[in-house]
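Below are the chains, spelled out letter by letter.
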Amino acid sequence: MARMSWREACLLDTTLASLERFFTIPPDYAQTLTGGLTNRCWKIVESCGTAYVWRPITPITQAFSISRFQEFQILSAIQTSGLSPKPIFISDKGLLVEWLEGQGMNDSLSFEQLIASLVSVHSLPTTRIPVAPFNFTARVDHYWMQIKPDLKSEAFQMVYRDWRNPPSLAEVGQTLCHFDLAGYNMVQAEHGMQIIDWEYATIGDPRLDLTLSIDVEGLDEMQAIQSYCQLRQLDGIDDWVEGVRAWRPRANMMAMLWYLLAYQLWGDDYYLEQAEQLKMQFCT
């Protein structure tokens, strides 16, 4: 992380200037945060020691259909849950949230902690969260339409075409979903486990959220589903097994397009390699 004076940071990232309406006295310093794939965020520290995270609005966030205003609305609605950082300030340039001090869980998250966190998120009331439900087809279409023709090989087109519609499944109800819940987005803070980076969060099918977390953390599918359903006291586990298995190829296709778009935006071969690996899963 690069630490610099507030003045230097504002010269490097002009979105920070919008915080002049929030800070009566310029902060002591700012430093770039590493780890996020979508966008550069900042840790901002006042002279009194109070720290924040600045999550800017940029062409990158728009390319991935990320709304800081939606993120703000969700964080505002769930701030009493103790699961997330508190939103502090929103503008047309970005979102300021509190800094959560604690230990990152990227290498130490247990199976039980992940399942319990998923259940906690999915159990939050949604009636006061003013966001539209997740539209899978609209999201993957948004990615696909931005990708340049020279990257749209016949194989990529086939995978996108075959899996762009959501599965037809038994109804289990919609919940708040994080859609990127894994150890790298969890912090063991003073008052318990907390979750960060809610930029993809929305109302959706919890089986998709469960699928994404199972795969990114490499969990045993049946063990995870059984533990999840038991913790939520849910009957009809077959509907959850069927749902996870039906969502998996669609989730992989969505991730494939995400990486392909990321390669187009940043030119890093890592993203193209990831997209190719995901594509190959459909060709074997």
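See the structure printed just above.
Residues numbered from 1 in each chain as written. Predicted model: local features only at pLDDT ≥ 70, side-chain atom pairs only at ≥ 80, totals over all residues. Heavy atoms only, no water.

> Got a sec to walk through the overall build of the protein? Specific residues and values, please.
Helix and strand content of the protein: 10 helices and 11 strands. Rg of the C-alpha trace for the protein: 19 Å, near the compact-globule value of 19 Å for 284 residues, within the 12% margin. Structurally, the protein occupies a C-alpha span of about 55 × 50 × 35 Å along its principal axes. Counting every position in the protein, which comprises 284 residues, the buried fraction comes to 51%. For the protein, the proportion of contacts with a sequence separation of at least 24, taken over those separated by at least 6, is 69%. Split by element, the accessible area of the protein, about 14,000 Å² in all, is 48% carbon and sulfur. (Helix = DSSP H or I, 4+ residues; strand = E, 2+ residues; numbered from the N terminus. Rg over C-alpha atoms; globule rule 2.2 N^0.38 Å. Buried < 20%, exposed > 50% of the residue type's maximum accessible area, 1.4 Å probe, protein only. Contact = heavy atoms within 4.5 Å. Areas by Shrake-Rupley, 256 points an atom, 1.4 Å probe, with all protein chains shown as cover.)

> Describe the sheet that holds strand S7 (residues 102-104), with residues and values.
One open sheet holds the 3 strands; their spatial order is S7-S9-S10, and the pairing between them is antiparallel. Lying at the two open borders of the sheet, with one neighbouring strand each, are S7 and strand S10 (192-195). Ignoring which end each strand starts from, the neighbouring axes of this sheet average 30 degrees apart. As defined by bridge partners, strand S9 (residues 186-189) adjoins S10 across 4 bridges and the pair is classed as antiparallel. (Pairing = 2+ DSSP bridges. Axes fitted to C-alpha atoms, helices over the stretch in contact; angles between N-to-C directions.)

> So what's going on with the side chain of Ser-91? Which residues, and what values?
With respect to the element layout, Ser-91 can be found in strand S5 (residues 87-91). One polar contact links Ser-91 to Ser-18, side chain to side chain, over a distance of 3.4 Å. When neighbours within four sequence positions are excluded, Ser-91 is seen to be in contact with Ser-18, Arg-21, Trp-54, Ile-57 and Phe-69. (Polar contact = N/O pair within 3.5 Å; in protein donor to acceptor, adjacent residues only side chain to side chain.)

> Which residues make up the sheet that holds S5, and what are the values?
Hydrogen bonding along the main chain pairs the strands of a sheet, whether they run parallel or antiparallel. Sheet architecture is open: 6 strands sit in the order S1-S2-S3-S4-S6-S5, paired in antiparallel fashion. With partners counted over all chains shown, the strands left at the sheet margins are strand S1 (3-5) and S5, one partner each. In this sheet, adjacent strand axes meet at a mean angle of 25 degrees when their direction is disregarded.

> Explain the nonpolar core to me, and be specific about the residues and the numbers.
If you look at the biggest cluster of nonpolar residues, it comprises 38 residues, and the most contacted ones within it are Ile-74, Ile-115, Leu-176, Trp-198, Leu-210, Ile-225 and Tyr-228. Those elements giving two or more residues to this core turn out to be helix H3 (68-78), strand S6 (94-98), helix H4 (111-122), S10, helix H7 (206-217), helix H8 (221-232) and helix H9 (237-266). Broken down by element, the residue count for this core peaks at 6 residues, all from H4. In this structure, Trp-198 is in contact with Arg-55, Glu-71, Ile-74, Leu-75, Ile-78, Leu-83, Ser-84, Pro-85, Val-121, Leu-176 and His-178, ignoring residues within four places of it in sequence. Among the nonpolar cores identified, the runner-up in size contains 32 residues, and Ile-66, Phe-156, Val-159 and Trp-258 belong to it. (Core = buried A, V, L, I, M, F, W, Y, C linked by side-chain atoms within 4.5 Å.)

> Explain the packing of aromatic side chains to me, and be specific about the residues and the numbers.
Counted by the stated rule, this structure contains 19 aromatic pairs. When the centroid spacing of 5.1 Å and the interplanar angle of 45 degrees are considered together, the rings of Tyr-228 and Trp-240 count as tilted. Remark: Trp-240 occurs in helix H9 and Tyr-228 occurs in helix H8; sequence separation between them is 12 residues. Take Tyr-228 and Trp-240: they sit in the same class, and that class is buried. Put simply, the rings of Phe-64, Tyr-143, Trp-258, Tyr-259, Trp-266, Tyr-270 and Tyr-271 touch in pairs and so form one group of aromatic residues. Above the plane of the ring of Trp-99 lies Lys-43, whose end atom (NZ or CZ) is 4.1 Å from the centre. Of note, Lys-279 hangs over the ring of Phe-156, and the distance from its end group to the ring centre comes to 4.7 Å. (Phe/Tyr/Trp six-rings, centres within 6.5 Å; stacked < 30°, edge-to-face > 60°. Lys NZ or Arg CZ within 6 Å of the ring centre and 35° of its normal.)

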